Amino acid sequence: MGWRGTVRSVSAAMRAAERDAQRRHKQQQREDQYAYSTAAVEDWQLFIRDVTSVHANHANSIDWYEIAENPEPSDFNPTFRRAETVQKELNEFWPTKLDFLRGGTEKRRSRLSDRLNIANAEDEAENKSRAEAVAVAKAEWASDQALAQRILNKEPEGLRDVISEYQSFSNIDLVGSSITFTINDEFLHAVVNVHDDGLIPKVRKKQLASGRLSESKMPDGEFNEIYQDYVCSVAIRVAADLFAILPIAECHVTCRSEMLNSRTGHLENAPILSAFFVKETLSKLNLKNIDPSDSLVNFVHEMQFKRSNGFARIEPLKPLGE
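Just so we're clear, the structure is a prediction, and the values are computed from it rather than from any experiment.

**Description of the overall build of the protein**
Counting its secondary structure elements, the protein contains eight helices and nine strands. Burial analysis of the protein (322 residues in total) assigns 34% to the buried set. Relative to all contacts within the protein whose residues are 6 or more apart in sequence, the contacts with residues 24 or more apart total 68%. When the accessible surface of the protein is split by element, carbon and sulfur atoms take 51% of a total near 20200 Å².

**Structural notes on unusual backbone geometry**
For residues other than glycine, phi is negative in most cases, and the peptide bonds are mostly trans. Phi is positive for Lys154, which is not a glycine, with a value near 60°. On the secondary structure map, Lys154 appears in the loop between helix H4 (105–152) and helix H5 (156–169). Among the residues examined, Lys154 registers a relative accessible area of 34% and is labelled partly exposed.

**Some points on the nonpolar core**
Counting 57 residues, the largest nonpolar core has Leu242, Val253 and Phe277 as its most contacted members. Here the element with the most residues in this core is helix H6 (residues 220–245); it accounts for 16 residues. Excluding anything up to four places from it in sequence, Leu242 contacts Ile163, Phe181, Leu188, Ala190, Ile248 and Cys251.

**Quick notes on the sheet that holds strand S1 (residues 178–183)**
Overall, mixed pairing links the five strands, which are arranged S1-S2-S5-S6-S7 in an open sheet. Because the sheet does not close on itself, it has two edges, and the strands there are S1 and strand S7 (300–302). Across the sheet, the axes of successive neighbouring strands diverge by a mean angle of 20°, strand direction being ignored. Pairing of S1 with strand S2 (residues 188–193) involves six bridges; the strand directions are antiparallel. Along S2, the bridge assignment pairs Ile179 with Val192. Across the face of the sheet, H6 comes into contact with S1, S2, strand S5 (250–261) and strand S6 (266–278) while running at roughly 150° to S5.

**Looking at the packing of aromatic side chains**
The tally for this structure, following the rule as stated, stands at four aromatic pairs. A ring pair is formed by Tyr227 and Phe311, whose centres lie 5.8 Å apart and whose planes are at 80°; its orientation type is edge-to-face. With Tyr227 in helix H6 and Phe311 in strand S9 (residues 310–312), the pair connects residues that are 84 residues apart, well separated along the chain. Here Tyr227 matches Phe311 in class, with each residue buried.

**Re the side chain of His55**
Examined against the element boundaries, His55 turns out to sit in the loop between helix H1 (3–51) and helix H2 (64–69). A polar side-chain atom of His55 sits 2.7 Å from a polar atom in the side chain of Ser233. Sequence-distant contacts of His55, that is, excluding residues within four places in its chain, are made with Ser233, Ile236, Arg237, Leu287, Ile290 and Pro292.

**Some details on the pattern of salt bridges**
Enumeration over the complete set of coordinates arrives at 12 salt bridges. The partner of Asp75 in a salt bridge is Lys138, with the nearest N and O atoms 2.9 Å apart. Remark: Lys138 occurs in helix H4 and Asp75 occurs in the loop between H2 and helix H3 (81–91); sequence separation between them is 63 residues. Relative accessible area serves as the criterion here: at 18%, Lys138 is assigned to the buried category. Asp161 serves as the salt-bridge partner of Arg150, at 3.2 Å between the closest nitrogen and oxygen. Pair noted here: Arg150 is in helix H4 and Asp161 is in helix H5, with a separation of 11 residues, a long-range link.

**Observations regarding the environment of Gly310**
Among the secondary structure elements, Gly310 is positioned in strand S9. Each C-alpha atom of the pair Gly310 and Asp220 lies 8.7 Å from the other, and the pair is 90 residues apart in sequence. In this structure, Gly310 is in contact with Asn224, Gln304 and Phe305, ignoring residues within four places of it in sequence.

**Describing the pairing of S6**
Two faces, one strand: in a regular strand the side chains alternate between the faces of the sheet. Relative to S6, S5 is paired through 12 bridges, and the arrangement is antiparallel. Residue pairing across strands places Leu260 opposite Leu267, the latter belonging to S6. As paired elements, S6 and S7 share three bridges and run antiparallel to each other. Across the sheet, the residue bridging to Phe276 is Val300, located in S7.

**Side note on the pairing of S1**
Residues Ile179, Phe181 and Ile183 line the buried face of S1, whereas the alternating positions Ser178, Thr180 and Thr182 sit on a face that is not buried. Linking S1 back to S2 in an antiparallel pair, the connection comprises four residues.

**Observations regarding the state of the cysteines**
Tallied over the full model, the rule gives zero disulfides. Looking at Cys232, it has no disulfide partner, and the nearest cysteine sulfur is the one in Cys255, 7.8 Å off. Taking relative accessible area as the criterion, Cys232 reaches 0% and is therefore assigned buried.

**Brief notes about the side chain of Thr52**
Here Thr52 is to be found in the loop between H1 and H2. Residue Thr52 is classed as buried on the basis of its relative accessible area, which comes to 17%. Among the polar contacts listed, one links the side chain of Thr52 to the backbone oxygen of Arg49, at a separation of 3.3 Å. Residues within four places of Thr52 in sequence aside, it is in contact with Ile226, Asp229, Tyr230, Ser233 and Pro292.

Rules used throughout
- Residues numbered from 1 in each chain as written.
- Predicted model: local features only at pLDDT ≥ 70, side-chain atom pairs only at ≥ 80, totals over all residues.
- Heavy atoms only, no water.
- Helix = DSSP H or I, 4+ residues; strand = E, 2+ residues; numbered from the N terminus.
- Buried < 20%, exposed > 50% of the residue type's maximum accessible area, 1.4 Å probe, protein only.
- Contact = heavy atoms within 4.5 Å.
- Areas by Shrake-Rupley, 256 points an atom, 1.4 Å probe, with all protein chains shown as cover.
- Core = buried A, V, L, I, M, F, W, Y, C linked by side-chain atoms within 4.5 Å.
- Pairing = 2+ DSSP bridges.
- Axes fitted to C-alpha atoms, helices over the stretch in contact; angles between N-to-C directions.
- Phe/Tyr/Trp six-rings, centres within 6.5 Å; stacked < 30°, edge-to-face > 60°.
- Polar contact = N/O pair within 3.5 Å; in protein donor to acceptor, adjacent residues only side chain to side chain.
- Salt bridge = Lys/Arg side-chain N within 4 Å of Asp/Glu carboxyl O.
- Disulfide = S-S within 2.5 Å.

The values are spatial; any link to function lies outside them.
Quick look at the structure:
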């Protein structure tokens, strides 16, 4: 093959390699696009599921009767096991003919005395630590007993303390921006400022057969129903949490959302759902499988909702306490 043939052969090989690289690049782009659209659709579906199933993950139950019956921690009794072991060796100490190999009889006795001092110090440190732990346990027990009695007596301030403590350790991001409570001898009323409908995506996402991501405007009816399920889910979640952490049989929950007041032209927090929950009824529902808005037929509630327009302002079952 002449030099021209060699050049043509090399050029052909380079063009083939370039075409192969382009094919691989396009294939990678398609795979990346498919992976991106798959993840985008999954994220969208997961978010819709999360906002309509807030009620499915409620607080663990607290048994205040069991807490009230817990026995007081046992008193602390100090022990000296290390020192007693060494003291026994010292009491049984006896000179031997081979003491000279270990520095002499007095040296052996001195070493045992040093070990006894160390053992005493270690025992004292352990006893101090255990005594402090028992003192803390007794103080916590006394505090828990006092609180349990207040809770079982339905003292409003006791109930409020438990609710406040629970809120400080719970994540209520999806529940809303804030929750306030009215607690008296007659009823417990939770008022939740839920997120407005801006929480719900305005578009639907799906993956086409080609792997591309398709986004389309969500119909108003579907959008409003998702927001309705979210609000109802929040109300059920708050009631379930209250029943879990407090020994109460009933509670009221009112949800408020930012809405336009047509008379003033201003946005304001308006009540859109108010429900009276009964613990016995709620406990019979399979919360993981219910439709939140449908399940409210099990409870006395006030809600004005139309699929075409969404929520309208309502009059709560109980005063908002403002």
